[in-house]
Amino acid sequence: MDGAQDDSYTPSAVCVLAGGSTNALARVMPRVALFDTPRPPVGWVALPLGRPPGTGIATFVVRVVVLENHSGGSDTRVSGLRILGPAPASYTHPRAHET
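Remember, it's a predicted structure, so these values are computed and weren't measured experimentally.

Rules and cut-offs
- Residues numbered from 1 in each chain as written.
- Predicted model: local features only at pLDDT ≥ 70, side-chain atom pairs only at ≥ 80, totals over all residues.
- Heavy atoms only, no water.
- Core = buried A, V, L, I, M, F, W, Y, C linked by side-chain atoms within 4.5 Å.
- Buried < 20%, exposed > 50% of the residue type's maximum accessible area, 1.4 Å probe, protein only.
- Helix = DSSP H or I, 4+ residues; strand = E, 2+ residues; numbered from the N terminus.
- Contact = heavy atoms within 4.5 Å.
- Pairing = 2+ DSSP bridges.
- Axes fitted to C-alpha atoms, helices over the stretch in contact; angles between N-to-C directions.
- Salt bridge = Lys/Arg side-chain N within 4 Å of Asp/Glu carboxyl O.

1. Here's the deal with the nonpolar core
In terms of nonpolar packing, the biggest core is built from eight residues, these being Val 14, Val 16, Ala 18, Val 28, Met 29, Val 32, Leu 34 and Phe 35. Only β1 (11-19) and β2 (25-33) provide two or more residues apiece to this core. Residues in contact with Met 29, not counting those within four places in the same chain, are Val 14, Cys 15, Val 16, Leu 47, Pro 48 and Leu 49.

2. Side note on the sheet that holds β2
The three strands lie next to each other as β2-β1-β3, forming an open sheet whose pairing is antiparallel. The open sheet has two edge strands, β2 and β3 (61-69), and neither has a second partner. Neighbour-to-neighbour, the strand axes of the sheet open up by a mean angle of 20°, direction not taken into account. Pairing geometry for β1 and β2, over six bridges, is antiparallel. Bridging across to β2, Val 14 finds its partner in Val 32.

3. A look at the pattern of salt bridges
Per the counting criterion, the structure on display carries one salt bridge. Note that Arg 31 and Glu 68 form a salt bridge whose closest N and O atoms lie 2.7 Å from each other. Note that Arg 31 is positioned in strand β2 and Glu 68 in strand β3, a separation of 37 residues in sequence. On the basis of relative accessibility, which here comes to 39%, the residue Glu 68 falls in the partly exposed class.

4. Quick look at the environment of Ser 12
Tracing the backbone shows Ser 12 in strand β1. With 60 residues separating them in the primary sequence, Ser 12 and Gly 72 have C-alpha atoms 9.6 Å apart. Other than its neighbours up to four places away in sequence, Ser 12 contacts Val 32, Ala 33, Leu 34, Phe 35, Glu 68, Asn 69 and His 70.

In structure tokens, the structure reads:
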């Protein structure tokens, strides 16, 4: 997100739903405030999923619902969304041995 450039387009609160299909979604994060300062963030915002947070979840579908925008904006601009899972214990990055 780029709160400096897209002030009223920046989401300030979201809800995250996940499940096995679009017909079986459950709220895994009912309401998350993306920032608690007067100035919105610039860059990536991490939302660790799971209970307890950061343990992860097994899912096929993730839906992020924007509940509220900064400065009362009515439209939203999200530049990108990354969903990362845990790397297997035996995983070796392809470039790990490059010098």
